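Report on the structure
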Amino acid sequence: QGRPVESGGGLVQPGGSLTLSCTTSERFFDIYDMAWYRQVPGKERELVASITRARGITYADSVKGRFIMSKDNGKNLMYLQMSSLKPEDTAVYYCNRWPMKIVARHLWGQGTQVTVSS
């Protein structure tokens, strides 16, 4: 399993939108349960949204109604559409397998920085 590559982050004003993308060198989005996570300095990495065979797409309460997760297995791409962004959404966003505890430390990508600020 290779490390995912996240992109699409940036600086956006409160209320704005961004779409993050995730890809890997190997095709496994259609094999594994996947998720988006985020982390701010000094805090634990947290689950933002997940796509699992058992439960479908689920979201953290803090992003429900504002974020949409999707994936295109044919293109080996996964997305996180973020709207109505808030300053508290500022974090480095990562994609990887779900659940987080099965992901070895060396298999995390660089992530993509999202900064929500006026």
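Before reading further, recall that the structure is shown in the block above.
This section reports on the structure supplied with the text. Every value quoted in this text rests on a predicted model; they were computed, and no experiment measured them.

What counts as what
Residues numbered from 1 in each chain as written. Predicted model: local features only at pLDDT ≥ 70, side-chain atom pairs only at ≥ 80, totals over all residues. Heavy atoms only, no water. Helix = DSSP H or I, 4+ residues; strand = E, 2+ residues; numbered from the N terminus. Rg over C-alpha atoms; globule rule 2.2 N^0.38 Å. Buried < 20%, exposed > 50% of the residue type's maximum accessible area, 1.4 Å probe, protein only. Contact = heavy atoms within 4.5 Å. Disulfide = S-S within 2.5 Å. Core = buried A, V, L, I, M, F, W, Y, C linked by side-chain atoms within 4.5 Å. Pairing = 2+ DSSP bridges. Axes fitted to C-alpha atoms, helices over the stretch in contact; angles between N-to-C directions.

1. Notes on the overall build of the chain
Scanning the chain for helices and strands turns up zero helices and ten strands. Element order for the chain, N to C, with α for helix and β for strand: β-β-β-β-β-β-β-β-β-β. Since a compact globule built from 118 residues should have a radius of gyration of about 13 Å, the 13 Å found for the chain is in line with a globular shape. Its C-alpha atoms give the chain principal-axis dimensions of roughly 40 × 25 × 25 Å. Counting every position in the chain, which comprises 118 residues, the buried fraction comes to 41%.

2. Topic: the side chain of Thr24
With respect to the helices and strands, the residue Thr24 is situated in the loop between strand E3 (18–23) and strand E4 (34–39). Contacts of Thr24, omitting those with residues within four sequence positions, involve Pro4, Phe29 and Asn76.

3. Quick notes on the state of the cysteines
Summed over the entire model, instances satisfying the criterion amount to one disulfide. Covalently, Cys22 is tied to Cys95 through a disulfide, its sulfur atoms 1.8 Å apart. Handedness here is read from the sign of the S-S torsion; for Cys22 and Cys95, about 70 degrees, the answer is right-handed. In this pair, Cys22 is assigned in strand E3 and Cys95 in strand E9 (residues 91–97), connecting sequence segments 73 residues apart. According to the relative accessible area criterion, Cys22 is buried, its value standing at 1%. When its relative accessible area of 0% is taken as the criterion, Cys95 is described as buried.

4. A closer look at the nonpolar core
In terms of nonpolar packing, the biggest core is built from 24 residues, with Trp36, Leu80, Met82 and Tyr93 touching the most fellow members. Taken together, the elements giving at least two residues each to this core come down to E3, E4, strand E5 (46–52), strand E7 (67–72), strand E8 (77–82), E9 and strand E10 (112–116). In terms of nonpolar packing, the next biggest core, distinct from the first, is built from seven residues, Ala35, Tyr37, Tyr94 and Leu107 among them.

5. A look at the sheet that holds strand E6 (residues 56–59)
Read from one edge to the other, the open sheet built from six strands follows the order E2-E10-E9-E4-E5-E6, with strand pairing classed as mixed. One side of each edge strand has no neighbouring strand; the edge strands of this open sheet are strand E2 (10–12) and E6. When strand polarity is set aside, the average angle formed by the axes of neighbouring strands in this sheet is 20 degrees. Direction of pairing for E5 relative to E6: antiparallel, over a ladder of four bridges. Counted as the bridge partner of Ala49 is Tyr59 from E6.

6. Quick look at the pairing of E3
Both faces of the sheet carry side chains from a regular strand, because those side chains alternate between them. The pairing of strand E1 (residues 5–7) with E3 spans three bridges and is antiparallel. Bridge pairing in E3 links Val5 to Thr23. Where E3 and E8 come together, six bridges link them in antiparallel fashion. Pairing of Thr19 across the sheet is with Gln81, part of E8.

Interpretation in functional terms is not warranted from these geometric data alone.
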